[in-house]
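# Examining the three-dimensional arrangement
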Amino acid sequence: MDSFMKYANFFYKCVGIEPYSSRTRPKAASAWISFVFWANIVNVVFIMIAESSFVVKALVVDKEIVLAVMVMSYIGFIVVGLSKMFFVWLNKATLSHIIRDLEDLFPRDKPAQVACKLDYYLSSCSRISFTFSMLYSVLIWTFNLFNLIQYVIYDWWLQTRVVPETLPYPVYVPWDTGHGLNYLVMLFNQNFAGYTSAAGQVSTDLLLCAVATQIIMHFNYLSQKFVDHQLTGDWAQDSRFLSEVVHYHNRLLRLSDQLNEIFGVPLILNFLISSFVLCFVSFQLTVGVKPDEAIKLLLFLVSSLCQAYLICYHGQLIVDASSSFSMAAYNQNWIKADVRYRKALVFIMMRSQKPTYLKATVFIQITRGTMTDLLQLSYKFFALLRTMYVK
């Protein structure tokens, strides 16, 4: 069970969050974990305010639209990370209940694990989690250390130009941060805030995908169990099997609803802000930037697209797995069953024909089609912004 969550738990620990309690995890966070969490929050909010001040100054005073747009994409990145961290932190009790329910359903012995295809789902979840973690780690440390990399390549190695002391993210504060101790402190704060925002997003996305993967596994196992079960024609015996299946299915539906309750608001914020981020990054690439800056922006663009697709991909898998239950009920050898069993089976099929969705509140039912909608929305914002800039 913990193997599904190990990557998410690692990044949560980095930002000072104990996302849930279970039989193997403590109910309350330690004093050190709480200190790390609030230190991260205070620092990230400080950097976000400083970046917002820079945007206002760039738009009102300096008339630097391109630079303001670039910093707005950074602010959007912070807002998504903060929202995901806070909603998980606030909903720890509900999330703990989901994890305990999944622990109860988790296959314990080897035959049950083989029947559930546990190795396949664990391998898939681990592979996706590792790849996504590495992608976002490369993204944030490329941004954080970009100026240092420029210094090493251009100033120290090639000696083609002098690279000044610049911060990774433009900010406006009422004191000098261009050199000396103030520069080093601000550099540390920005690196700290960038990593916190990235870890807040990665941890929540990986936790969502790990829980979704287990729900998908149980849906598919239940469908296969339905198809493989041999009916006896005895109403008393067959009705007990049907009762167990319905109880199992109801638990999965309840888990899906609780998952949407926790992640609904962060997901809709994620999609809305991601559409603006994709728009802003695409806009910067089209107005002309240096080649090394273009590499950084392309990495940001690819990471945002991968994050959105990761969520949409798992949303589609939940829809497919929940919908297959109805077909599994139909494919059962119900011809030999008691008439009461067949009547009950009709109601089960009717209920299961309504798919279970991963939802971003009540507004968005997440499937692969959501990815298309996100790209269309981003392009509309991009076209509007591009038109305004040209005029």
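For every chain, the first residue of its written sequence is number 1, and the numbers climb from 1 along that sequence. Under the rules for a predicted model, residues below a pLDDT of 70 receive no local features and side-chain atom pairs below 80 are neither given nor counted, while totals for whole chains, interfaces and linings still include all residues. Hydrogens and water are ignored here; the side-chain numbers use all heavy atoms of the structure.

## Digging into the overall build of the protein
Counted only if it meets this: Strands here mean DSSP runs of E at least two residues long; helices mean DSSP runs of H or I at least four residues long; both are numbered from the N terminus. Exposure categories follow from relative accessible area, calculated using a 1.4 Å probe and restricted to protein chains: below 20% of the type maximum is buried, above 50% is exposed, and the middle band is partly exposed. Here, residues are in contact when the closest pair of their heavy atoms is within 4.5 Å. Note on areas: Shrake-Rupley, 1.4 Å probe, and residue coverage restricted to the protein chains presented here. In this charge count, Lys and Arg are treated as positive and Asp and Glu as negative; neither His nor the chain ends contribute. Lys charges are placed at NZ, Arg charges at CZ, Asp charges at CG and Glu charges at CD.
A count of helical and extended segments in the protein gives 12 helices and two strands. The order of α-helices and β-strands along the protein, N terminus first, is α-α-α-α-α-α-α-α-α-α-α-β-β-α. Along the first, second and third principal axes, the C-alpha atoms of the protein reach 85 × 50 × 35 Å. Looking at the 391 residues of the protein, the share that counts as buried comes to 51%. For the protein, contacts bridging at least 24 residues in sequence account for 79% of all contacts bridging at least 6. Counting only carbon and sulfur atoms, one obtains 65% of the accessible surface of the protein, whose full area is about 19000 Å². One finds the centroid of the 32 positive side-chain charges in the protein at a distance of 6 Å from the centroid of its 25 negative side-chain charges.

## As for unusual backbone geometry
For K63, which is not a glycine, the phi torsion comes out positive at approximately 60 degrees. The exposed category is assigned to K63, whose relative accessible area is 59%. A positive phi is found at K117, a non-glycine position, where the angle reads about 55 degrees. Checked against the element boundaries, K117 lands in the loop between α5 (110-116) and α6 (118-144).

## Structural notes on the side chain of Q332
Stated precisely, the cut-off is as follows: Any N or O atom pair separated by 3.5 Å or less is treated as a polar contact, with the protein-specific requirement of one donor-capable and one acceptor-capable atom, and with residues adjacent in sequence counted only for side-chain atom pairs.
Note on placement: Q332 falls in the loop between α10 (291-331) and α11 (339-352). We classify Q332 as buried; its relative accessible area is 3%. One polar contact links Q332 to Y341, side chain to side chain, over a distance of 2.8 Å.

## Observations concerning α11
Counted only if it meets this: In this scheme, a helix's expected span is set at 1.5 Å multiplied by one less than its residue total. What the arc describes is the spread of directions from the helix axis to the C-beta atoms.
If you check α11, its first and last C-alpha atoms are 20 Å apart, about what 14 residues at 1.5 Å a residue would give, namely 20 Å. Residues Y341, L345, I348, M349 and S352 constitute the buried set of α11. End-on, the buried residues of α11 take up no more than an arc of 100 degrees, which puts them together on one face. Residues of α11 that are exposed and point over 90 degrees away from its buried face: K343, F347 and M350. Check the buried side of α11 and you find it contacts α8 (180-228), α9 (235-287) and α10. For α11, the capping residue at the N-terminal end is D338, with a side-chain oxygen 2.8 Å from the backbone nitrogen of R340.

## Overview of the environment of A337
Looking at the element boundaries, A337 is found in the loop between α10 and α11. The spacing of A337 and D234 is 103 residues in sequence and 7.5 Å in space, taken between C-alpha atoms. Apart from residues no more than four positions distant in its own chain, A337 is found in contact with L231 and R342.

## A look at the packing of aromatic side chains
What counts is decided by this rule: Any Phe, Tyr or Trp ring, taking Trp's six-membered ring, that has another such ring centre within 6.5 Å forms a pair; planes under 30 degrees apart are called stacked, those over 60 apart edge-to-face, and the others tilted.
Inspection of every chain in the model, using the stated rule, returns 29 aromatic pairs. Where Y74 meets F143, the ring centres are 5.7 Å apart and the plane angle is 85 degrees; that geometry is what we call edge-to-face. Placement of Y74 in helix α3 (residues 65-90) and of F143 in helix α6 is noted, with a sequence separation of 69 residues between them. Assessed through its relative accessible area of 6%, Y74 is described here as buried. Ring geometry for F226 and F241: centres 5.9 Å apart, planes at 70 degrees, overall edge-to-face. Taken together, the residues F226 in helix α8 and F241 in helix α9 connect sequence positions 15 residues apart.

In short, the description is geometric, and any link to function would need to be established separately.
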